[in-house]
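# Reading the structure
Below are the chains, spelled out letter by letter.
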Amino acid sequence: DQQVKQNSPSLSVQEGRISILNCDYTNSMFDYFLWYKKYPAEGPTFLISISSIKDKNEDGRFTVFLNKSAKHLSLHIVPSQPGDSAVYFCAASGPNAGNMLTFGGGTRLMVKP
Amino acid sequence: EAGVTQSPTHLIKTRGQQATLRCSPISGHTSVYWYQQALGLGLQFLLWYDEGEERNRGNFPPRFSGRQFPNYSSELNVNALELEDSALYLCASSLGLGQGVSDTFGSGTRLTVV
């Protein structure tokens, strides 16, 4: 039972344009969501997070939107840069789970120069 | 500040053998998490240790086990290795219970079972 899903395994975007990565979840107990970026042979690097009490959080070129009623979150990268090319994972955490994260399957983003 | 360190970087084992993977958390972090990333798949939660205790385990067979030492470093042991255990094993650490989500990951151990 996949509680966190990233339905697009890959996404290709032109440099300078917007990248939108999507994530859906099924567990209504999740109250904290994170996005990680991962390069091959490296561990995931934390990008941005959002608490369920918010619907938007911005950090530079990265914005995460949360739609609790739809159990959907998205990561917007504007403008996209070739260095953003990586696999992006969304993750969720809930109460009484400590900091244990449930991850989606990842989306490979390719930003073309 | 040193990040999460994992050793070895790569490990090749034969089916049926045992593998031991090690993780040192960031200084001050008391929680250690182990995740498995099999080829083409996302990260699957394996084990969570905090203050030397196993707090939770994922949907993995009992031959996956581990422990956390008094200095908060951790070992993951995989017994009776199977070919499908070949994966990248990632360790993350964070401040203890109730301190907020701040998982920081190591670079992982690539385990190959032949």
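Because the structure is predicted, anything quoted here is derived from the model rather than measured. (Residues numbered from 1 in each chain as written. Chains lettered and ligands numbered in written order. Predicted model: local features only at pLDDT ≥ 70, side-chain atom pairs only at ≥ 80, totals over all residues. Heavy atoms only, no water.)

### Quick word on the state of the cysteines
For the coordinates displayed, the defined rule picks out two disulfides over all chains. Through a disulfide, A:C23 is tied to A:C90; the S-S separation comes to 1.9 Å. Across the S-S bond of A:C23 and A:C90 the torsion is about 65°, and the bridge reads as right-handed. Of this pair, A:C23 sits in strand β3 (residues 19-25) while A:C90 sits in strand β9 (residues 86-93), and the two are 67 residues apart along the sequence. The class for A:C90 is buried, based on a relative accessible area of 1%. A sulfur-sulfur separation of 1.8 Å characterises the disulfide bridge that pairs B:C23 with B:C91. A torsion of -65° about the S-S bond marks the disulfide between B:C23 and B:C91 as left-handed. One end of the pair, B:C23, is in strand β3 (residues 19-24); the other, B:C91, is in strand β9 (residues 87-94), with 68 residues separating them in the sequence. (Disulfide = S-S within 2.5 Å. Helix = DSSP H or I, 4+ residues; strand = E, 2+ residues; numbered from the N terminus. Buried < 20%, exposed > 50% of the residue type's maximum accessible area, 1.4 Å probe, protein only.)

### Overview of the sheet that holds strand β8 (residues 74-78) of chain B
All names here are of chain B. The sheet built from four strands is open, its strands ordered β1-β3-β8-β7 with antiparallel pairing. The two strands at the open ends of the sheet, each matched to only one other strand, are β1 (5-7) and β7 (64-68). With strand direction ignored, the average angle separating the axes of adjacent strands in the sheet is 20°. Relative to β3, β1 runs antiparallel, the two being bridged by three bridges. Looking at the pairing, S7 lines up with R22 of β3. (Pairing = 2+ DSSP bridges. Axes fitted to C-alpha atoms, helices over the stretch in contact; angles between N-to-C directions.)

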